[in-house]
Amino acid sequence: MAAADISSDGPESHTLRDLNEPLVDHTEGQLFLTDAFKIMMEEVLCKGTDVKHKVCEWKEPEELALLLDLELRAKGEPHDKLLQRVQDVAKYSIKTSHPRFMNQQFGGVDYHALTGRFLTEALNTNLYTYEVAPVFVLMEAEVLRGLRQLIGWTEGDGLFCPGGSASNMYAMNIARYQHFPDVKSQGLFGLPRLNIFTSEDSHYSVKKGAAFLGIGTDNVITVEVDEGGRMIPSDLDEKIKLAKSQGGVPFFVSCTAGTTVRGAFDLLDCIADVCEKHKIWMHVDAAWGGSVLFSKQHSHLIKGVHRANSVGWNPHKMLVAGLQCSALLLKDTENLLRRCHCANATYLFQQDKFYDVNLDVGDKTVQCSRKVDCLKLWLMWKAVGSNGFADRVDKSFHHARYLVAQMKKREGFQIVFEVAPAIKERMMKQGTMMVGYQPLGNKVNFFRMVVFSPLLSQKDMDFFLDEIERLGKDL
Ligand SMILES: Cc1ncc(COP(=O)(O)O)c(C=O)c1O
C-alpha cells in the first residue's frame, strides 16, 4: 500500500488478487530468502571477512545513489533484479566483520551470535509480555542475572536497552525518580536544580541524557581527569561540595569503565566512597569496559563496580554480540524500574491474566515495542562459555599491548598523525582498512585503533602500522 500511495505510476498497477489468497507467496519468498542468504554468506561473511578483499568500496554519494537506484516505485521487481539489489547493498556497504575494520567499538563477527540475530529477526516478536515472548522473557532474565553475578550482585533488576546511551539515560531517570518520586506525575515543576557529575572523558551521551530529561547540559558538572584519563575523585568531592554551596542538588555520578577514546577505567572504589559520603546515586558506564569482568587477568580494572547502583554494559562492543546488545543492570530490589516507568496499559498488562503478571516485563521500559536483544548473547555464551569470553578479552589486551610496543620501535611514527585526515581519505578510497582518528585535547590527531574482534591476529597489528606508513609516506 505504501508503495502505491507514493507512486506516480497510476492506479492501474494496483490490482488485488483473489481475496482468499494471501498477498505473500511463501514458496517464492522462501526461495528468495535462500538465494539472498547465499549472497550474504558469500559477500558479507566470506569475502567480507577475508583480508584479500576490501573493507569498503568507496563511492561518492551521488554516484552511489545512482548505482543503487534508490527510488521506490509502484510496481514490484522480479526475483533476479531483487537479488541484484541484495548483491549491491552487500557490495557497497562497509564490511564491519572484516579484521581490518578497526574504526569503532563494534564489528567483527561471532557465528553463534549471528545465528541468534537471524533467529531473532525470523521470530520477530516483542519483548513486553510473557504471552508473546515466553522464551525471551525467561532468557533475558537469565542473561541479566548472569551479568549481575559477574558484577557481584546476587539480586537486582535490569533490562536490555537500545544502546549504551539509552542505558545512561535510563539510569539518570531512575536515580532522579528515587530521589524525587513526584517527578513522574508532576514533571520538572517544583524540582530543585539537579546536578550530574561525570569526567571530561566520559561519553557524550551523559550530556545528551541530561538535555533529554530536562536536567540541562549546564547542570552536568565536568570532573577533571588524571594523565591516564581517569576521573579524579578529590575533584569530584570538591565539585559536589561547591555545587551544594551554590544551591544545586547533586544526585547522580556517572563514572566510566573504559572511556570511549582512551579506554581509561575510573577508580570506582574511590568514587564509591565519595558517592556514599554525599548519598549520591553511582552509575558506571561500562559500555566498553564491562566485559573485562569475564577475565581473571583484567577484572581488577573495574574493581569496586559492585558498589554502584547501576551499570550499563554493551556486549555488542567487546564481546562482539552484534548490534545492538546493551544491558542496564541495577542493584535495586524494590522494583524501581517498573515504578518509575509503568503506565499500566490495560490492553497489554492486564492484572487478571492466567499466568504470573510479573513476567510481563514491558512496563519497566519507556518503550512499547522492544526488540529481543538477549538471544544473540545467550547463544554465543552457551557456545563459548564464560571461559571463551575471558580468552577473547585477554587476547584483545594482548594485541593492544603488542601494538603499542611495536609503535614505540618505529621512529618518528607519531609525526604522520598530523596528516591523519589525508591518510584516512586514502585509506577509505583504497579500501584497505578503516581506523578512526581524532584530536586528544589540544594535541594533534591520533588514530584510535579499536582492538577487540576475536578475528584479529598479530599480523593485523603489523599490517596497521605498515599501512599507515605506506599511506602517509609522501605526505
Ligand atoms: C563509554 C561509552 N558509553 C556509552 C556509549 C554509547 O553506547 P551506544 O553507542 O550503544 O549508545 C559508548 C559508545 O561508544 C561508549 O564508548
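These figures come from a predicted structure and were not determined experimentally.

Draft legend 1. Examining the overall build of the protein chain more closely. Helices and strands together make up the secondary structure of the protein chain, namely 15 helices and 10 strands. A compact globule built from 475 residues would reach a C-alpha radius of gyration of about 23 Å, and the protein chain, at 25 Å, matches this within 12%. Oriented by its inertia axes, the alpha-carbon framework of the protein chain measures out at about 70 × 70 × 45 Å. Looking at the protein chain residue by residue over its 475 residues, the buried ones come to 38%. Partitioning the contacts of the protein chain with sequence separation of at least 6, the portion at a separation of at least 24 is 76%.

Draft legend 2. Inspection of the site of the ligand at higher detail. In the vicinity of the ligand there are 15 residues, among which Gly163, Gly164, Ser165, His203 and Thr260 approach most closely. For the shell around the ligand, a count of residues per class yields 2 nonpolar, 12 polar and 1 charged.

Draft legend 3. Fine view of the sheet that holds strand E10 (residues 445–448). If you walk across this open sheet you meet the 3 strands as E1-E9-E10, and the pairing is mixed. Every other strand in the sheet has two partners, leaving strand E1 (101–102) and E10 as the edge strands with one partner each. Of the pairings in the sheet, the one linking strand E9 (residues 434–439) to E10 comprises 4 bridges and is antiparallel in character. Each bridged residue has a counterpart across the sheet, and for Pro439 the counterpart in E10 is Asn445.

Draft legend 4. Here's a closer look at the environment of Val223. For Val223, the location among the structural elements is in strand E4 (residues 220–223). Residue classification places Val223 among the buried residues on the basis of 26 C-beta atoms within 10 Å. Between the C-alpha atoms of Val223 and Asp110, which are 113 residues apart in sequence, the distance is 37 Å.

Draft legend 5. Summary view of the domain arrangement of the protein chain. As assigned here, the protein chain comprises domain 1 (2–92), domain 2 (126–373) and domain 3 (384–472). A C-alpha centroid distance of 39 Å is found between domain 1 and domain 2.

Draft legend 6. Representation of helix H11 (residues 268–278). Among the residues of H11, those classed as buried are Leu268, Ile271, Ala272, Val274 and Cys275. Around the axis of H11, the buried residues are gathered within 160° of arc, so they sit on the same side. The outward face of H11, more than 90 degrees from its buried face, is lined by the exposed residues Glu276 and Lys277. Buried residues along H11 sit in contact with helix H10 (233–245), strand E5 (249–256) and strand E6 (281–286). After H11 finishes, the residue Lys279 shows a positive phi value of roughly 55°.

Cut-offs used in this document
- Here, residues in each chain are numbered from 1, in the same order as that chain's written sequence.
- In view of the model being predicted, local features appear only for residues whose pLDDT reaches at least 70, and side-chain atom pairs are presented and counted only at 80 or more, with totals across whole chains, interfaces and linings using the full set of residues.
- Numbering of helices and strands starts at the N terminus; helices are DSSP runs of H or I of at least 4 residues and strands are runs of E of at least 2.
- Radius of gyration here uses only the C-alpha atoms, and the compact-globule reference equals 2.2 Å multiplied by the residue count raised to the power 0.38.
- Here a residue counts as buried when 20 or more other C-beta atoms fall within 10 Å of its C-beta, as exposed when 12 or fewer do, and as partly exposed in between; the C-beta atoms come from the backbone.
- Whether two residues are in contact is decided by their C-beta atoms, placed from the backbone, lying within 7 Å.
- Nearness rests on one distance test: the residue's C-beta atom, set from the backbone, must lie within 6 Å of the molecule or strand.
- In this count, Pro and Cys sit with the nonpolar residues alongside Ala, Val, Leu, Ile, Met, Phe, Trp and Tyr, while Asp, Glu, Lys and Arg are called charged and the others, Gly among them, polar.
- We call two strands paired when DSSP finds no fewer than two bridges between them.
- Where each domain begins and ends is defined by an automated method or by a domain database.
- Arc definition: it is the arc formed by the directions from the helix axis to the C-beta atoms.

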